[in-house]
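Structure at a glance
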Amino acid sequence: MAAVIETQSLGFLVIVLALAVSVRGNSEGDALYALRRSLSDPDNVLQSWDPNLVNPCTWFHVTCNGDNHVTRVDLGNSKLSGHLVPELGKLEHLQYLELYKNNIQGTIPKELGNLKSLISLDLYNNNISGTIPPSLGKLKNLVFLRLNDNQLTGPIPRELSSVSSLKVVDVSNNNLCGTIPTSGPFEHIPLNNFEHNPRLEGPELLGLASYDTNCS
C-alpha cells in the first residue's frame, strides 16, 4: 500500500514539475504574443508566432539561448504599426530589442526598465510619442539606446547618466526639451546625437543651469 502511495505521489510531482516548466516556457511566448496582438502586420512577418507552442524559440525573428529563453527580437524594417505593450518587460533574458524603421506609435512602456539583460534598444525611425521612461536607467547592461526619429517629448532622463555601460545614445529628430546630461556616459556622446530637437537647450552646466528649464 505504501509503495502505491509513493508511486502516486511521485507521479503527481512529475506532473507538477512538467506544468511548472510549461508555464515558465510559455510566459515569454505570452509576452511576445501580446505584442503581436497589438501590431498590424501587412506582410505577415509574425505569422509563425503561434501561442500554442511550448515556447517561442521556433518563431521567426526570435532568438533563444540554450535554456530556451528569448534573447533577441529582430523586427526592424518590417512595416509594422501599432504600439508596444508592457508585457515586453517580462522578457528578463532579452538582450536585443530591434523594432526600428516601422510605424509604431504610442509610448515606450516603463516596464522596459525590467529588461535587466538588455544590451540594445533600437526603436528609431518610428512614430513613438510621450516621454523617455526614467526606468530605462535601471538597464545596467545597456550599450546601445537609439530612439532617434520619433515624436518623443519631455527631458532626457538623468537616470540614464548612471548606466555606465552606455556607448551609443541617439535621440536626434524628436521634440525633447531641457538640457543634455554631461555626466557619466554622456561625457563621450557626440552632440549631433541630440540635434533637431527644437526645445533642447544644449549641454547642462552643472550648478549654473536648471536641468528641466522650460521643459514639460
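For the structure, check the block above.
Since the structure is predicted, the reported quantities are computational estimates derived from the model, not experimental observations.

1. What to know about the pattern of salt bridges
For the structure shown, the criterion picks out five salt bridges. In this structure, the salt-bridge partner of R158 is E204, at a minimum N-O distance of 3.1 Å. Taken together, the positions of R158 in the loop between β10 (151-154) and β11 (168-170) and E204 in the segment after β13 (199-203) put the pair 46 residues apart, joining distant regions of the chain.

2. A closer look at the environment of T179
Within the fold, T179 resides in strand β12 (residues 175-180). Residue T179 is classed as buried on the basis of its relative accessible area, which comes to 3%. Along the sequence, T179 and P155 sit 24 residues apart, while their C-alpha atoms lie 7.3 Å from each other.

3. Regarding the state of the cysteines
Counting across every chain of the model gives two disulfides. Each sulfur of the disulfide joining C57 and C64 lies 2.2 Å from the other. Its S-S torsion of about -95° marks the bond between C57 and C64 as left-handed, since a negative value means left-handed. A sulfur-sulfur distance of 2.0 Å marks the disulfide that ties C177 to C215. Here the S-S torsion is close to 70°, and the disulfide linking C177 with C215 is therefore right-handed. Taken together, the residues span a long stretch of sequence, with C177 in strand β12 and C215 in the segment after β13 at a distance of 38 residues. Take C177: its relative accessible area is 0%, and that puts it in the buried class. With a relative accessible area of 15%, C215 lands in the buried category. With its disulfide-bonded cysteines labelled consecutively along the sequence, the protein chain is connected as 1-2, 3-4.

Definitions and limits used
Residues numbered from 1 in each chain as written. Predicted model: local features only at pLDDT ≥ 70, side-chain atom pairs only at ≥ 80, totals over all residues. Heavy atoms only, no water. Salt bridge = Lys/Arg side-chain N within 4 Å of Asp/Glu carboxyl O. Helix = DSSP H or I, 4+ residues; strand = E, 2+ residues; numbered from the N terminus. Buried < 20%, exposed > 50% of the residue type's maximum accessible area, 1.4 Å probe, protein only. Disulfide = S-S within 2.5 Å.

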